[in-house]
Amino acid sequence: MTDITIYHNPACGTSRNTLGLIRNSGVEPEVILYLETPPDREKLKALINSMGISVRDLLRKNVEPYTTLGLDNHHFSDDELIDAMLSYPILINRPIVVTPLGTRLCRPSEVVLDILPDPQQGEFSKEDGEKVIDKDGNRLL
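What counts as what
- Residues numbered from 1 in each chain as written.
- Predicted model: local features only at pLDDT ≥ 70, side-chain atom pairs only at ≥ 80, totals over all residues.
- Heavy atoms only, no water.
- Axes fitted to C-alpha atoms, helices over the stretch in contact; angles between N-to-C directions.
- Helix = DSSP H or I, 4+ residues; strand = E, 2+ residues; numbered from the N terminus.
- Left-handed = near helix turned anticlockwise from the far one by under 90°.
- Contact = heavy atoms within 4.5 Å.
- Nonpolar A, V, L, I, M, F, W, Y, C, P; charged D, E, K, R; others polar.
- Pairing = 2+ DSSP bridges.
- Salt bridge = Lys/Arg side-chain N within 4 Å of Asp/Glu carboxyl O.
- Buried < 20%, exposed > 50% of the residue type's maximum accessible area, 1.4 Å probe, protein only.

Teacher, can you tell me more about the packing of helix H2 (residues 41-51) against helix H4 (residues 78-87) here?
Helix packing geometry: the angle between the two helix axes and the distance between the axes. As a packed pair, H2 and H4 sit with axes 11 Å apart at the nearest point and diverge in direction by 115°. Remark: the crossing between H2 and H4 carries right-handed chirality. Every residue of H4 that contacts H2 at Arg41, Leu44 and Lys45 is listed here: Asp79, Ile82, Asp83, Met85 and Leu86. The class makeup of the residues in the contact of H2 with H4 is four nonpolar, no polar and four charged.

Rendered as C-alpha cells:
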C-alpha cells in the first residue's frame, strides 16, 4: 500500500476533490485534519521546503485573520508568517499532499495526479461536474 498523507479540510471543495483523486488511485491516505491537528513548526517548515515554495506562497490570503493581522505587509519574516499559521491554522493553504513522489500544494486538485504513484482506477469528476479522469483512468485535464 502506498504511503500518502493529505492535510485536509473537509469544508473545502478543492481538498475534497483531491482526496477523491487519491482514493480513485486505490489508496486510502492518512488524513490529517490540519485545522484540528496542525503541524508543528518543524513539520510545517519541512513541508514548505519539500514543496519548494516560499512561506508566503503557503499563506491563505482570502481568510481572516489575514487582513486583521496585516499579513499583506511584506515586512513579516518567514518565522513571523509561520507563527501566524501556527496560531491560526486556517491561514495554511490546502490541501497539502505528501507521497513517495513528492509534496505538493494541490491547488487545483488535479495537481495531485503529478505525485500519485498509482494510476487512476476509473472515471472521476470534480464536485462541480468537471471531468478529470475518463472511464479508462486517463487524465483529461
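Structure's up, so let's keep going.
Could you clarify how one ought to interpret the pairing of strand E4 (residues 102-105) in this entry?
In regular strands, side chains alternate between the two faces of the sheet. The sheet contact formed by strand E3 (residues 96-99) and E4 spans four bridges and is antiparallel. The residue bridging Val97 from the neighbouring strand is Arg104, located in E4. Where E3 folds back onto E4 in an antiparallel hairpin, the turn is made up of two residues.

What's the story with the pattern of salt bridges in this structure? I'm lost.
As a working rule, side chains carrying opposite charge can pair if their charged atoms are close by. Applying the stated rule across the entire model yields nine salt bridges. Here Lys126 makes a salt bridge to Glu110, at a shortest N to O gap of 2.8 Å. Within this pair, whereas Lys126 is found in the loop between strand E5 (124-125) and strand E6 (131-133), its partner Glu110 is found in the loop between E4 and E5, the two being separated by 16 residues in sequence. One salt bridge connects Glu123 with Lys131, and the closest N-O pair in it is separated by 2.9 Å. When its relative accessible area of 45% is taken as the criterion, Glu123 is described as partly exposed. You can call Lys131 partly exposed: its relative accessible area is 44%. A single salt-bridge network, built from bridges that share partners, covers Arg41, Asp79 and Asp83.

So yeah, pure geometry; function would need other evidence.
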